[in-house]
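Geometric and topological summary
Each chain, written out:
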Amino acid sequence: MSDFAQDLFARTVAEPYRTKVVERLALPARSDRERILAAAFYSPIHLEANDVYIDLITDSGTGAMSDQQWSALMRGDEAYFNSKSFFAFEKSVRDITGFSRVIPTHQGRAAEKIIMELLVDRGDIVLSNTHFDTTKAHVENRGGKPVDLVGDWLWRFDEPSPFKGNVDLDRLEVALERYGDRVPMIIMTVLNNFACSSPVSMANLRDVRRLADKHDIPVFLDASRFAENAYFIKTREGGYGDKSIADIVKEMMSYASGCWMSAKKDAIVNIGGFIATNDERFARLCQEKLVLYEGFYTYGGLAGRDLEAIAVGLREGIDEDYLAHRVRLVATLGELMEQAGARVSKPIGGSGVFVDVEAMYPHLAADKLPSVALCADMYLEGGVRIAAAPFLMHRVSKESGDVFDQVFQLARFAVPRRVYSKSHIEFVAAVVGKVKETARENRGYRIVEMPEILGHFFAKFAPLEA
Ligand code: F0G
């Protein structure tokens, strides 16, 4: 017999949690927002969080911890060596990933630094579906070249293929043939953050592993959003509908030699990360680096209480009710933004909605910085903070195997976990509508300051005069 309430729960965006603690938010007046934005050099990075009404600049470390996680904090064992909290953390990571060796790090990029130091040398080519920007920067920091193998389908925003985060296998084959002996590893980012938060299919993970094996190259998962990826495999890929998220995650991990994670995403904590692998020798090398950079290998730059919160958060992150709600909320934002006139990447991804910035500001050429215009307008019109930047990818030509550069103008509306309600989402979409309406009046921006490495974190801008 069908259950009315269960069906309703599955259909609506009703939360599988309720609020226990609240944080006051304020929306500064329009005249204040103008002043604040100018003082922040028109960059969302320099805005003070207190001046932002709805903050969609990242889903990283911005989630709301549960009562269970806050309780776990009190169990934090702050012993320097071999604390109880380490073993709780290790068990949770082992249970969920299936990997036996677990190395805590203070966040994702700390794991990246260690792994790149161990695997990447000058002249190497690191292949990935898409590198996140810190991942890319760490490869470059070692003198390597990060190459992104996501397919052209990514830029066909209106074509609803279910796994746009996949590696383009033709490109991978060409790249392996041409550069195989210079490739120390293949990184599969699940889900694929910079590829519009799109998931990677199990079939793709399997195929990548098969091709990597031919060349004896290890595959690592950047598993920061592994749970959202698993949910999309369950709901979009044939044969997985009846499997549990836990089983899907185990199968995803089984195609990799190891993984690292920024726990600030799918483990719903404010800080933390780890490396996990079955390779004892590699794990030992990671531990040695860890002691040098982060701390002893049973805390890795984290407090015991942080390890406890991750242990609980990882389990909550694979809860299907939670994932279903999260994915529906993000999809709702995407649908409403589309109705409001934005060109959004479809199908809507896991952690946020990606927008085609050029379509929003067709009158602004790239040198007039349309992505700065969108961030500024979202703040001016609604106190909403988002991220947008020209996004440079090193890609491989399918025909010649040559590496070429391509720039995409993308904006990301990232949704923090368990933080905003559907009314907040409706508010954001309405602001998008207003921005779309007034976009033509924006004259564009110029760069005042932009350092070379990870420049967008430091950049300052000024509006162009009419
Ligand atoms: N890998 C991916 C796929 C990420 O999205 C991030 C961070 C990292 C690695 C680095 O982890 O921040 O803990 O050091 N992404 C955040 C974002 C910052 O906004 O997407 P971290």
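Residues numbered from 1 in each chain as written. Predicted model: local features only at pLDDT ≥ 70, side-chain atom pairs only at ≥ 80, totals over all residues. Heavy atoms only, no water.

Taken together, 17 residues sit near the ligand, with Thr 58, Arg 109, Asp 222, Ser 262 and Lys 265 positioned nearest. The separation between a nitrogen atom of the ligand and a polar side-chain atom of Asp 222 is 2.5 Å. Within the contact set of the ligand, an oxygen atom lies 2.6 Å away from a side-chain nitrogen or oxygen of Ser 262. The protein chains hide 94% of the 470 Å² of surface that the ligand would expose on its own. With 3 residues, the top contributor of residues to the shell around the ligand is helix 5 (residues 108-119). Considered class by class, the residues forming the shell around the ligand number 1 nonpolar, 9 polar and 7 charged. (Near = heavy atom within 4 Å. Polar contact = N/O pair within 3.5 Å; in protein donor to acceptor, adjacent residues only side chain to side chain. Areas by Shrake-Rupley, 256 points an atom, 1.4 Å probe, with all protein chains shown as cover. Helix = DSSP H or I, 4+ residues; strand = E, 2+ residues; numbered from the N terminus. Nonpolar A, V, L, I, M, F, W, Y, C, P; charged D, E, K, R; others polar.)

Looking at the assigned domains, one finds that the protein chain contains domain 1 (15-52 + 320-463) and domain 2 (67-317). Computed over C-alpha atoms, the centres of domain 1 and domain 2 are 25 Å apart. With 41 residues of domain 1 at the contact, the number on the domain 2 side is 50 residues. Across the interface of domain 1 and domain 2, roughly 3900 Å² is buried in total on both sides, 57% from carbon and sulfur atoms. Remark: the boundary between domain 1 and domain 2 carries 10 salt bridges. When the shortest N-O distance is used, the salt bridge between Glu 320 and Lys 234 registers 3.5 Å. (Domains from an automatic or database assignment. Contact = heavy atoms within 4.5 Å. Buried area = accessible area lost by both parts, 1.4 Å probe. Salt bridge = Lys/Arg side-chain N within 4 Å of Asp/Glu carboxyl O.)

If you trace the 3 strands from one edge of the open sheet to the other, you get 9-12-11, paired in antiparallel fashion. The open sheet has two edge strands, strand 9 (352-356) and strand 11 (387-396), and neither has a second partner. Strand-to-strand twist across the sheet, computed as the mean angle between neighbouring axes with direction ignored, equals 45°. Helix-sheet contacts for helix 13 (residues 320-339) involve strand 9 and strand 12 (403-414), and the interaxial angle to strand 9 is about 25°. (Pairing = 2+ DSSP bridges. Axes fitted to C-alpha atoms, helices over the stretch in contact; angles between N-to-C directions.)

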